[in-house]
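# Fold and contact review
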Amino acid sequence: MELELDMLQTLSVAVIVYLLGVFIRNKISLFRKYFIPAPVIGGIIFSVLSLIFTKYLNFTISLDTTLQDFFMNIFFTTVGFTVSVKILKQSGKQGLVLGIIAVILLVFQNLIGVGLTKVFNIHPQLGVAMGSTAMSGGVGSAVAFGPTFEANGALNATTIGTAAATFGLLMGSLVGGPVAKRLIDKYQLKSAYTNKEIKNDDVNKEIVTDNVKIFNSAISILIAAGIGTVVGKILNMTGVTFPYYVGCLFGGAIVRNLSDINLFEIRMKEIDMIGSVSLNLFLSLALMSLDLQALVSLALPMIVILLSQTIFMMLYASFVTFKAMGKDYEAAVMVAGHCGVGLGQTPNAIANMSAIINQNGPAPNAWFVLPVITVVLINLANPLIITFFINMFS
């Protein structure tokens, strides 16, 4: 028996799946502690139930995922709005160095993944799926690039990438603090701002929004996405195949930087809101159709590759990030943050740094520089690097 859902029915189920994930996340502190997204929780539960229904009850659910790509492209357009040259300049030379370090890590993550696929004789693009796509890119990138990997012969890359990204979320929170603490203890590092109050008068200011501002922001996003489609066509004229959403990301970046030179005004609060809605619906739609049975045959290669990625991240942060950032207390805090974002997402980085700061004192420079630089440079560079590896190992 097969139950076919049309586009709106599928979207409605995706919303229910998301709400289920929110409910479970609120009830189980472990999911909140390691920043596991609600769509991941609900989507995996739906996929497990679908697997059980298909295998044991001969009952399948056919989904219409037409809107999945739409929400994905809108989300990555909003990500492009975070790429601000003006903000990058504020981080100075240290931000530039950190950005270079973060981008180089992306290359190493893919080299590790691809290299180990040779050992296990599996498709090399599965190594990219478990490389910077899942590690630094997170669940969103894993799901977005999954179909491209699969089209190139890397079977079940979406499921594998999603599992790898979820693993990264856990490890990003687990290893950052201990690595930074080892450095702080070894070099007896202390905060230069101990017992000084660091104030930010803007933190508690409420930014008021309304229907007009939300609508204007939606228009800005749609225009940016349209520009991005043209950028995507230009990028593909180079002979390198870029996923559709990469153009959308650049479209958002173009509109953001035109706004920064005061050609017009954009409102990042509303853009972030629309981006968040799009991301949650995109992930819910994508994760509902995961083939979890595919993970069984690749259990050993996945474990080896993901543990290798974790160990390398710890070593890279300790010996490269720490030294390049000055080998002081703020550098140690950045190490904790880099472990978080290099294996998980920005919330992991913020949580790691916050834990160190709460115990050892403020690190205002690290608190500003690392999230800004890693968000901007990883979002901008990672799709390009992933695309390079896709074309190299197609």
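The name given to the protein chain in an unreviewed UniProt entry is Sodium/glutamate symporter, with the source organism recorded as Anaerococcus groningensis. Entered under Sequence similarities (unreviewed entry) in the UniProt record, the comment concerning the protein chain runs "Belongs to the glutamate:Na(+) symporter (ESS) (TC 2.A.27) family." UniProt lists a comment for the protein chain under the heading Subcellular location (unreviewed entry), and it reads "Cell membrane".

## Quick look at the overall build of the protein chain
From N to C terminus, the protein chain includes 17 helices and 2 strands. The C-alpha atoms of the protein chain give a radius of gyration of 21 Å, which matches the 21 Å a tight globule of 394 residues would have. Each principal axis of the C-alpha distribution contributes one length, and for the protein chain these read about 65 × 50 × 50 Å. Partitioning the contacts of the protein chain with sequence separation of at least 6, the portion at a separation of at least 24 is 80%. Just so you have it, the protein chain exposes about 18,300 Å², and 65% of that area is on carbon and sulfur atoms. Side chains of the protein chain carry 23 positive and 19 negative charges; the gap between the two charge centres is 14 Å.

## Focus: the pattern of salt bridges
Evaluated as defined, the whole model comprises 3 salt bridges. In this structure, the salt-bridge partner of Asp185 is Lys181, at a minimum N-O distance of 2.7 Å. Pair noted here: Asp185 and Lys181 are both in helix 9 (residues 157-187), with a separation of 4 residues, about one helical turn. With a relative accessible area of 47%, Asp185 lands in the partly exposed category. One salt bridge connects Arg267 with Glu270, and the closest N-O pair in it is separated by 2.9 Å. For Glu270, a relative accessible area of 0% corresponds to the buried category.

## Side note on the nonpolar core
Residues Phe76, Leu126, Met130, Phe149, Phe282, Tyr329 and Val333 are the most contacted members of the largest nonpolar core, which totals 101 residues. Tallying contributions element by element places helix 17 (residues 364-392) first for this core, with 12 residues. Setting aside residues up to four positions removed in sequence, Phe76 forms contacts with Gly140, Ser141, Ala144, Tyr245, Cys248 and Leu249. Core analysis: the next-biggest nonpolar cluster, separate from the first, contains 8 residues, Phe81, Ile266, Ile271 and Ile274 among them.

## Some thoughts on the packing of aromatic side chains
Enumeration according to the criterion identifies 12 aromatic pairs in this entry. Judged by centre distance (3.8 Å) and plane angle (25 degrees), the ring pair of Phe76 and Tyr245 falls under stacked. Of this pair, Phe76 sits in helix 4 (residues 66-80) while Tyr245 sits in helix 11 (residues 244-260), placing them 169 residues apart in sequence. Chaining the aromatic ring pairs together yields one cluster made of Phe75, Phe76, Phe145, Phe149 and Tyr245.

## Here we look at the layout of surface pockets
It is a probe the size of a water molecule, rolled over the atoms, that shows where empty space is left. The space that makes up the largest pocket amounts to roughly 930 Å³. Around the largest pocket, the lining comprises 37 residues; the ones closest to its centre are Phe75, Leu279, Gln345, Thr346 and Pro347. Sorting the residues of the lining of the largest pocket by element identifies helix 1 (7-27), helix 3 (38-56), helix 4, helix 8 (138-151), helix 12 (268-287), helix 16 (346-360) and helix 17 as the ones contributing at least two each. Residues that form the lining of the largest pocket fall into these classes: 19 nonpolar, 16 polar and 2 charged.

## Thoughts on helix 11
With 17 residues, helix 11 extends 25 Å from end C-alpha to end C-alpha; this agrees with the ideal 24 Å at 1.5 Å per step. With respect to burial, helix 11 is a largely interior element, 12 of its 17 residues being buried. Inspection of helix 11 places Tyr245, Val246, Gly247, Cys248, Leu249, Gly251, Gly252, Ala253, Val255, Arg256, Ser259 and Asp260 among the buried residues, and these make up the whole buried set. Phi turns positive, to about 65 degrees, at Asn262, one or two residues after helix 11.

## Observations regarding the packing of helix 4 against helix 12
Running from N to C, helix 4 and helix 12 cross one another at 145 degrees; their axes reach a closest spacing of 8 Å. You can see that helix 4 and helix 12 cross each other, and the crossing is left-handed. Contacts from Leu67, Gln68, Phe71, Met72, Ile74, Phe75 and Thr78 of helix 4 reach helix 12 at Ile271, Ile274, Gly275, Ser278, Leu279, Leu281, Phe282, Leu285 and Ala286. Classifying every residue of the contact of helix 4 with helix 12 gives 12 nonpolar, 4 polar and no charged.

Here is what the cut-offs are and how they apply
- Residues numbered from 1 in each chain as written.
- Predicted model: local features only at pLDDT ≥ 70, side-chain atom pairs only at ≥ 80, totals over all residues.
- Heavy atoms only, no water.
- UniProt positions renumbered as here; feature names shortened; annotations may be inferred.
- Helix = DSSP H or I, 4+ residues; strand = E, 2+ residues; numbered from the N terminus.
- Rg over C-alpha atoms; globule rule 2.2 N^0.38 Å.
- Contact = heavy atoms within 4.5 Å.
- Areas by Shrake-Rupley, 256 points an atom, 1.4 Å probe, with all protein chains shown as cover.
- Lys, Arg positive; Asp, Glu negative; His and termini not counted.
- Charge placed at Lys NZ, Arg CZ, Asp CG, Glu CD.
- Salt bridge = Lys/Arg side-chain N within 4 Å of Asp/Glu carboxyl O.
- Buried < 20%, exposed > 50% of the residue type's maximum accessible area, 1.4 Å probe, protein only.
- Core = buried A, V, L, I, M, F, W, Y, C linked by side-chain atoms within 4.5 Å.
- Phe/Tyr/Trp six-rings, centres within 6.5 Å; stacked < 30°, edge-to-face > 60°.
- 1 Å grid on protein atoms, 1.4 Å probe; cavity = no way out; pocket = protein on both sides within 12 Å on 5 of 7 lines; lining within 4 Å.
- Points joined across faces, edges and corners; volume = space filled by probe spheres on them.
- Nonpolar A, V, L, I, M, F, W, Y, C, P; charged D, E, K, R; others polar.
- Expected span 1.5 Å × (residues − 1).
- Axes fitted to C-alpha atoms, helices over the stretch in contact; angles between N-to-C directions.
- Left-handed = near helix turned anticlockwise from the far one by under 90°.

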